[in-house]
Amino acid sequence: AQSVAQPEDQVNVAEGNPLTVKCTYSVSGNPYLFWYVQYPNRGLQFLLKYITGDNLVKGSYGFEAEFNKSQTSFHLKKPSALVSDSALYFCAVRDGADKLIFGTGTRLQVFP
Amino acid sequence: GAVVSQHPSRVICKSGTSVKIECRSLDFQATTMFWYRQFPKQSLMLMATSNEGSKATYEQGVEKDKFLINHASLTLSTLTVTSAHPEDSSFYICSAPSTGAHEAFFGQGTRLTVV
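Just so you know, these numbers come straight off a predicted model, no measurement behind them.

I'm lost on the overall build of chain A in this one. Help?
Looking only at helices and strands, one finds zero helices and twelve strands in chain A. For chain A, the sequential pattern of α-helices and β-strands runs β-β-β-β-β-β-β-β-β-β-β-β. Rg of the C-alpha trace for chain A: 13 Å, near the compact-globule value of 13 Å for 112 residues, within the 12% margin. Counting across all 112 residues of chain A, residues that qualify as buried make up 46%.

What follows is the structure, given as structure tokens:
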């Protein structure tokens, strides 16, 4: 069965510093991986995806993620965090029925 | 990109009443919609898959008589929480599926509070 794991419930980072939100996956076959962000009482906003091709994926709002097959990871990164990046971040993998299987979420807190 | 509109964004209802949540695909046709439930500070839990023209498929442990799902057309899926109780209070989100190289598109979510 497809699954993703987000080992950190919360990540704290100072504004201007680089941030990393971790995600590892377990899939059979080639993974389709996604990152979404959720602001309070809102739906999920798409950030980026890995389907195939370059391992470094660039997405919205300056975020990027690196697909690492040997480590089965798809960590979300940003070179310089903003206070407005504070939100809940979800990693997800698509299963064979086109459903998204979500990680448990990581709350990112960026301090001024 | 594709847009999924969910309504209402927030609803408060009394115990025992029913609440309908609508999910519309605005610029595309969706033969399938997914309905998720999210508890505070938790991840999204898939409740069911609505299928246009056929019965919804429910995940294990989800009461299909309580959470009625109807996919009336290629642009509208509805979730009705029947005889709501306070424990049904939650955040409900609909989603059009990710297909091919496309990401999934999510509604804005509905915050249901049963008092």
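Help me understand the interface of chain A and chain B, please; the structure alone is not making it clear to me.
How big an interface is tends to be stated in terms of the accessible area lost upon association of its parts. Contacts between chain A and chain B engage 21 residues on the former and 25 residues on the latter. Across the chain A to chain B interface the summed buried area is about 1,700 Å²; carbon plus sulfur atoms make up 52%. Our count for the chain A to chain B interface comes out at two salt bridges. On the surface where chain A and chain B come into contact, there are six residue pairs in polar contact (both at pLDDT 80 or more). Breaking the side of chain A that touches chain B down by element, the ones donating at least two residues are strand S5 (33-38), strand S6 (44-50), strand S10 (87-94) and strand S11 (100-102) of chain A. Looking at side-chain class alone, the side of chain A that touches chain B contains eleven nonpolar, five polar and five charged residues.

I keep staring at the side chain of Ser86(A) and nothing clicks. Help me out?
Residue and element names in this part refer to chain A. By secondary structure assignment, the location of Ser86 is in the loop between strand S9 (73-78) and S10. Among the polar contacts made by the side chain of Ser86, one reaches the main-chain amide nitrogen of Val110 at a distance of 2.9 Å. If sequence neighbours within four positions are ignored, Ser86 has contacts with Tyr39, Leu108, Gln109 and Val110.

Which parts of the structure should I look at to understand the packing of aromatic side chains?
The geometry of an aromatic ring pair is captured by the separation of the ring centres together with the interplanar angle, meaning the angle of the planes. All names here are of chain A. By the definition in use, this model includes 14 aromatic pairs over all chains. Measuring from ring centre to ring centre gives 5.8 Å for Tyr36 and Phe46, while their planes differ by 70 degrees; the resulting arrangement is edge-to-face. Here Phe46 lies in strand S6 and Tyr36 lies in strand S5, a separation of ten residues in the sequence. The buried category is assigned to Tyr36, whose relative accessible area is 0%.

Cut-off values and rules
Residues numbered from 1 in each chain as written. Chains lettered and ligands numbered in written order. Predicted model: local features only at pLDDT ≥ 70, side-chain atom pairs only at ≥ 80, totals over all residues. Heavy atoms only, no water. Helix = DSSP H or I, 4+ residues; strand = E, 2+ residues; numbered from the N terminus. Rg over C-alpha atoms; globule rule 2.2 N^0.38 Å. Buried < 20%, exposed > 50% of the residue type's maximum accessible area, 1.4 Å probe, protein only. Contact = heavy atoms within 4.5 Å. Buried area = accessible area lost by both parts, 1.4 Å probe. Salt bridge = Lys/Arg side-chain N within 4 Å of Asp/Glu carboxyl O. Polar contact = N/O pair within 3.5 Å; in protein donor to acceptor, adjacent residues only side chain to side chain. Nonpolar A, V, L, I, M, F, W, Y, C, P; charged D, E, K, R; others polar. Phe/Tyr/Trp six-rings, centres within 6.5 Å; stacked < 30°, edge-to-face > 60°.

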